[in-house]
Amino acid sequence: MDNTHPGLNTTTNFIYNLKSNKVKKLLSDGYIILENAIDEEECQILIRDLNLLRGKYPYHMEENNNYAGVFRSPFIFFESYRDLMLSPKFHDILLEIFPTNYQLHLSRCVENKKLKSAATIEWHRDIPYLHTPSKFPLSISFLTFLSSSDQIQLEIKLESHNDFFYDFEQAEVLSLNPNPGDTLVFDSNLIHRTLATNKTVLYNLFMFTNPVLKPVVDYTSKEIINKINSNKYRIEEVNKILGYQYGVSKDDLEYINKKL
């Protein structure tokens with residue numbers, strides 16, 4: 001097509017390039033489960049590494065109820081979390097959903113204790129202040145279960161990402177208890193919550209978004225850039241997925257210099 005912006009060709013062809021059944025199901029239902037996305041040995045390594053982050057400010061603040069049970073950005077420190085973040089099983093899906101590319105929006109691990117539940121026990125969306133549904137997802141969440149449990153670990157409200165976006169109280173609730181290594185992949189607008197169980201359980205969450213949405217953390221301070229790059233493991237892939245190329249220019253001069 002002549003005299004059209006290259007972005008127009010990419011975006012208008014998007015709907016015709018959706019091929020895999022799992023992505024079609026994700027778009028129709030709002031979620032899928034990737035069984036055995038990682039094995040149980042990998043789950044144990046992720047749990048072991050996470051314990052090394054325990055009590056380290058600002059990555060884990062156990063005494064603050066607003067952040068109870070939350071570990072922040074473990075991929076900065078551990079090869080195991082970088083491997084999970086860069087899993088081809090995840091990115092095969094993302095490449096279909098985001099034809100104009102994507103970036104990391106959020107990296108968290110959640111610990112639900114028997115006697116102290118995490119902050120994620122309330123009904124919520126992973127992008128809580130987006131006020132309108134979208135025909136196709138703007139953000140995709142990957143929630144990987146690391147622990148076994150004989151009780152329900154998670155509930156989701158079906159169709160709450162679209163038909164019941166506003167009237168979510170009327171949505172049917174689906175209870176889930178995935179196995180260690182299973183990953184729940186869902187439209188980040190889908191309402192869900194974790195549940196307290198009779199033992200401590202852990203989950204890892206990565207969110208990826210179209211670059212038009214701001215990430216929760218952009219990892220651009222000099223200190224954090226140095227910290228991330230001090231771990232050379234898969235560093236080029238990590239820096240690419242952090243979306244530095246999509247950073248907002250501070251003024252017109254910086255914008256033009258980038259373009260030129």
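Residues numbered from 1 in each chain as written. Predicted model: local features only at pLDDT ≥ 70, side-chain atom pairs only at ≥ 80, totals over all residues. Heavy atoms only, no water.

Engineer: Break down the pattern of salt bridges for me, citing the residues and quoting the values.
Structural biologist: In this structure the tally under the stated criterion is 7 salt bridges. For Arg 234, the salt bridge goes to Asp 83, with nearest N and O atoms at 2.9 Å. Here Arg 234 is found in the loop between helix H6 (222-230) and helix H7 (235-241), whereas its partner Asp 83 is found in helix H4 (residues 79-85), with 151 residues between them in sequence. Judged by its relative accessible area of 31%, Asp 83 is partly exposed. Between Arg 193 and Glu 155 there is a salt bridge, with its nearest N and O atoms 2.9 Å apart. Taken as a pair, Arg 193 in strand S8 (residues 192-194) and Glu 155 in strand S5 (residues 154-157) lie far apart in primary sequence, 38 residues in all. The class for Glu 155 is buried, based on a relative accessible area of 12%. Sharing partners across several salt bridges, the network here consists of Asp 83, Arg 234 and Glu 237. (Salt bridge = Lys/Arg side-chain N within 4 Å of Asp/Glu carboxyl O. Helix = DSSP H or I, 4+ residues; strand = E, 2+ residues; numbered from the N terminus. Buried < 20%, exposed > 50% of the residue type's maximum accessible area, 1.4 Å probe, protein only.)

Engineer: Explain the sheet that holds strand S6 (residues 173-176) residue by residue, including any values.
Structural biologist: The 3 strands lie next to each other as S6-S5-S8, forming an open sheet whose pairing is antiparallel. If you trace the sheet from one side to the other, it starts and ends with S6 and S8, each paired once. The average undirected angle you get between the axes of adjacent strands in this sheet is 15 degrees. (Pairing = 2+ DSSP bridges. Axes fitted to C-alpha atoms, helices over the stretch in contact; angles between N-to-C directions.)

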